[in-house]
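Observations on the model geometry
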Amino acid sequence: MAEGHLAKVVKLRTVVSTGAGMALATVSYSASMELATLVLGDSAWIAILVSGVLCMLAGACFAELSGMYPTAAGIKLFIQHAFNEKAAMLFASLYIVVALSVVGAETFVLARVLHDGTGLTAIPPWAWGLTFLVLVLGLNIAGIRIAGAFQDVLAYAMFAVLIATSIYAIVTAPGHVHTPLLPGHPASFAKAVAVGVFLYVGFEWVTPLAEEVTDQKLISRGLFWTIWLLFLAYALFNAGLTMTMAPAIQAHPQDPMFAPLIDAAIDKGALPAGLDRAALTYDQAKQAFGTSVVPHVLFYKYMFGGAGIVLIIVLSLMASVTSFNAGTITASRFMYALARDGSLPKVFSRISIRFATPYMALIALSVLCMLVSIIVFISAQYDPESYELFIFLGAFIECLIYAVMACAVISLRRRQPDHARPYRVPGGDVIPVIVAIFFGFLMITIVIDRPLVGAVVAVAAGLAAYYGWRVVPRMRAKARAARGTRAPRRPGRRPGESEAS
Amino acid sequence: MATQQEITEALADFRNQCNENARLRKMQRDWTKVLHLVAEDNDSRHTMTVVAGETTKIEEGLVGTPDIIVTTKSETLCDMFWGDLNPAQKYLSGELKLKASQEDVMRLDAINLIIWPDE
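Note that the structure is a prediction, hence the values are computed from the model and not measured.

Concerning the overall build of chain A
- Check the secondary structure of chain A and you find 16 helices and 0 strands.
- Over its C-alpha trace chain A gives a radius of gyration of 23 Å, about what one expects of a compact globule, namely 23 Å for 501 residues.
- If you line up chain A on its principal axes, its C-alpha atoms span 90 × 55 × 45 Å.
- Counting every position in chain A, which comprises 501 residues, the buried fraction comes to 59%.

Here you go:
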């Protein structure tokens, strides 16, 4: 019997569907429109392409690291070996902040989709959001996981519908393509690329699948194809969205669907107060449309009427469920592992005997998600676009993580030059250096535009550092002491001799 | 370095611990797997077969097509199946390598946790 071959292995199509499904969330549609407002005309595809290429280069770094340490504990392990345990705890904690940021924005946008799309306005958006989170918690505790062939079908169907409807929108759009090769001011373009990174957030969560593939190169190939699929979907969606809705707003500025958007754009200073609404330019119409929290609902409603609303609600639910289900389960198992390791309180290692799931970790994560969502809903009362802060927060930390991963590749090539590397980023250190520099640059761009993001990350990093450097060592010492008093069961071992720590 | 025989003894005890633990049997009632246990520092190889939560067979050598492959040092394997170490710590440090679904990775550690709960 040859070693190393599992009965059931994950195939390339599942690696791609997992990564792409994780990245495509309901909030991605809103972020996509945000990106479109930062560039001229129909040139958003350039920002999406640039961010996609950067993410692909970052993905190459992930692939090399994942090949060296094919484990679901990946991120923490990569950093631990490349730098040290303290750095690993810090960045693993920040990664959880990314997840919570995305959840906050995602729940808000999904709730608005359900609220606005169903027309059941008696149910406030926050109730939709919390109901969804509770439902997902229930599914996760019951161990119901969208996986395998069902996941593949769901994810690919979602992308097929998105791409097909986008192509239809492009083909039937009135007028011509506007400045597709001229994105505009470099500073705005850099911001657009930063938002573009957010669109791909989660693609790297395929690395835990390294334990379920027999050929580690499937992970690198999977990361590559995931990015291409996401680029195709986002670029086409963005083009279909702007090419359809901008001319529609230009043609019907007084329409009840569009007039409030123009008002909102004027209120926030995106459009001048004395604007001639009958003579909106293409980019002005985009700015107006960009004030909608749910531009994709308006887009599908405009394109397909009532059927479009049903379609986008289904697409949004599919996008959210695939992201939440996989993401929360993976995060809860990581929390469980950290609790078993002594890095988190023991309570998070409790397992449901009935469902074999880490229910306390799931509950804790869900409570955190609900708290973040409540913050978003409350802040939206004062500023409807405040959820964008969470988009930029998620993008900032992801840029940081990608830059750190690139540095980890460089560090490990020096610390462990002889370690097996099934996949090696080509071109020596050139690509990791490019990744570190560009994502570092994007981080600076985000903080200049949104200083609050930097403040939040600094506070989160401070708390994570205190917890990881002061609290965790004490917890682990206590756990080690408790184990040390237990007599070893292995025959011939004396107390304290075993590796029970 | 633990020998093949030492690991076999550890697995025999582990099998008894698993089969006599009512809570564990309940949790694993729908878990049927073939595990390959590989010592990376010597030739020690074992196969553990679990059917509906009951560990039915422990064999020396690699038999059948596995659902889970556990690879680590022989001493770690031995200590782990005697319940003398925390597998999650070895896993998070990269010393314990697994090829399995995420659910099975967690269940493997949960077996250890249920039989030998942390104080």
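On we go from here.
A few points about the overall build of chain B
- When you go through chain B residue by residue, the secondary structure sums to 5 helices and 5 strands.
- The globule rule puts the C-alpha radius of gyration for 119 residues at 14 Å, and the 13 Å found for chain B is close to it.
- Taken over 119 residues, chain B has a buried fraction of 62%.
- Taking contacts inside chain B between residues at least 6 apart in sequence as the whole, the part at least 24 apart equals 67%.
- Carbon together with sulfur atoms contributes 50% to the accessible area of chain B, which is approximately 4,400 Å² in total.
- Placing the 13 positive and 21 negative side-chain charges of chain B at their respective mean positions leaves the two points 7 Å apart.

A short note on a positive patch on the surface
- Taken together, the side chains of Arg354 of chain A together with Arg23, Lys26 and Arg29 of chain B define a basic patch exposed on the protein surface.
- Secondary-structure assignment places Arg354 of chain A in the loop between helix 12 (295-341) and helix 13 (359-382).

Regarding the sheet that holds strand 1 (residues 33-39) of chain B
All names here are of chain B.
- Here 5 strands make up an open sheet; going across it, the order is 3-2-1-4-5 and the pairing mixed. Two strands in the sheet have a free side with no partner beyond their single neighbour: strand 3 (54-60) and strand 5 (97-99). Ignoring which end each strand starts from, the neighbouring axes of this sheet average 15° apart.
- Where strand 4 (residues 68-72) and strand 5 come together, 3 bridges link them in antiparallel fashion. Bridging from a neighbouring strand, Ile69 pairs with Lys99 of strand 5.
- Contacts from helix 5 (residues 102-115) reach strand 1, strand 4 and strand 5, with the element oriented near 60° to strand 4.

Quick notes on the packing of helix 9 (residues 217-251) of chain A against helix 11 (residues 282-289) of chain A
All names here are of chain A.
- At their nearest, the axes of helix 9 and helix 11 sit 8 Å apart, and the two run at 100° to each other. When the axis of helix 9 is compared with that of helix 11, the two are roughly perpendicular. Across the interface between the two elements, Leu241, Thr242, Met243, Met245, Ala246, Pro247, Ile249 and Gln250 of helix 9 pack against Tyr282, Ala285, Lys286 and Phe289 of helix 11.
- Among the residues making up the contact of helix 9 with helix 11, the classes are represented as 9 nonpolar, 2 polar and 1 charged.

Section: helix 16 (residues 451-484) of chain A
Residue and element names in this part refer to chain A.
- Between its first and last C-alpha, helix 16 extends 48 Å over 34 residues, near the 50 Å set by a 1.5 Å rise per residue.
- At Val471, helix 16 shows its strongest bend, of approximately 35°, with the proline Pro473 following within four residues.
- Of all the residues in helix 16, the buried ones are Val453, Gly454, Val457, Ala460, Ala464, Ala465, Gly468, Val471, Val472, Arg476 and Arg483.

What about the side chain of Gln28 of chain B?
Residues and elements named next belong to chain B.
- Looking at the element boundaries, Gln28 is found in the loop between helix 2 (22-27) and strand 1.
- By relative accessible area, which is 1% here, Gln28 ends up buried.
- Excluding its chain neighbours within four sequence positions, the residues that come into contact with Gln28 are Ala52, Gly53, Arg107 and Ile111.

So, the pattern of salt bridges
- Tallied over the full model, the rule gives 26 salt bridges over all chains.
- Note that Asp109 of chain B is salt-bridged to Arg340 of chain A, the shortest N-O span being 2.5 Å. Of this pair, Asp109 of chain B sits in helix 5 while Arg340 of chain A sits in helix 12, which puts the two residues in different chains. For the pair formed by Asp109 of chain B and Arg340 of chain A, the shared burial category is buried.

Notes on unusual backbone geometry
- The backbone of Thr179 of chain A sits at a positive phi, close to 35°, despite the residue not being glycine.
- Considering the arrangement of structural elements, one finds Thr179 of chain A in the loop between helix 7 (148-172) and helix 8 (186-200).
- The exposure class of Thr179 of chain A is partly exposed, given its relative accessible area of 36%.
- We note that Ala52 of chain B has phi near 50°; this positive angle belongs to a residue other than glycine.
- You can see Ala52 of chain B is positioned in the loop between strand 2 (45-51) and strand 3.

Quick notes on the pairing of strand 2 of chain B
Residues and elements named next belong to chain B.
- Within strand 2, 6 of the 7 residues are buried, leaving the element largely enclosed by the surrounding structure.
- Here 6 bridges tie strand 1 to strand 2, and the two strands are oriented antiparallel to one another. By the bridge assignment, Val38 is partnered in strand 2 with Arg45.
- Between strand 1 and strand 2, which follow one another and run antiparallel, lie 5 residues.
- Pairing of strand 2 with strand 3 involves 6 bridges; the strand directions are antiparallel. Bridging across to strand 3, Met48 finds its partner in Ile58.
- Hairpin connection between strand 2 and strand 3: a loop of 2 residues separates the two successive antiparallel strands, and Ala52 in this loop has a positive phi of roughly 50°.

Re the nonpolar core
- In terms of nonpolar packing, the biggest core is built from 166 residues, with Phe91, Tyr200, Leu230 and Phe439 of chain A touching the most fellow members.
- Setting aside anything within four residues of it in sequence, one finds Leu230 of chain A in contact with Ala20, Ala23, Leu24, Phe159, Tyr200 and Phe203 of chain A.
- In this structure, Phe334 and Ala361 of chain A together with Leu113 and Ile115 of chain B belong to the second largest nonpolar core, which totals 53 residues.

Side note on the packing of aromatic side chains
Residues and elements named next belong to chain A.
- Applying the stated criterion across every chain, the model contains 19 aromatic pairs over all chains.
- Taken together, a centroid distance of 6.0 Å and an interplanar angle of 50° make the contact between Tyr300 and Phe304 tilted. Taken together, the residues span about one helical turn, with Tyr300 and Phe304 both in helix 12 at a distance of 4 residues.
- Exposure remark for Tyr300: the relative accessible area of 1% places this residue in the buried category.
- According to the relative accessible area criterion, Phe304 is partly exposed, its value standing at 30%.
- Through pairs of rings, three or more aromatic residues link up here, namely Tyr29, Tyr168, Phe237, Phe299, Tyr300 and Phe304.

Basis of the calculations
- Residues numbered from 1 in each chain as written.
- Chains lettered and ligands numbered in written order.
- Predicted model: local features only at pLDDT ≥ 70, side-chain atom pairs only at ≥ 80, totals over all residues.
- Heavy atoms only, no water.
- Helix = DSSP H or I, 4+ residues; strand = E, 2+ residues; numbered from the N terminus.
- Rg over C-alpha atoms; globule rule 2.2 N^0.38 Å.
- Buried < 20%, exposed > 50% of the residue type's maximum accessible area, 1.4 Å probe, protein only.
- Contact = heavy atoms within 4.5 Å.
- Areas by Shrake-Rupley, 256 points an atom, 1.4 Å probe, with all protein chains shown as cover.
- Lys, Arg positive; Asp, Glu negative; His and termini not counted.
- Charge placed at Lys NZ, Arg CZ, Asp CG, Glu CD.
- Patch = residues over 30% accessible without salt bridge, like charges linked within 9 Å, V, L, I, M, F, W, Y side chains within 5 Å.
- Salt bridge = Lys/Arg side-chain N within 4 Å of Asp/Glu carboxyl O.
- Pairing = 2+ DSSP bridges.
- Axes fitted to C-alpha atoms, helices over the stretch in contact; angles between N-to-C directions.
- Parallel < 35°, antiparallel > 145°, perpendicular 65-115°, else oblique.
- Nonpolar A, V, L, I, M, F, W, Y, C, P; charged D, E, K, R; others polar.
- Expected span 1.5 Å × (residues − 1).
- Bend = angle between axes of the 7 residues up to and from the residue.
- Core = buried A, V, L, I, M, F, W, Y, C linked by side-chain atoms within 4.5 Å.
- Phe/Tyr/Trp six-rings, centres within 6.5 Å; stacked < 30°, edge-to-face > 60°.

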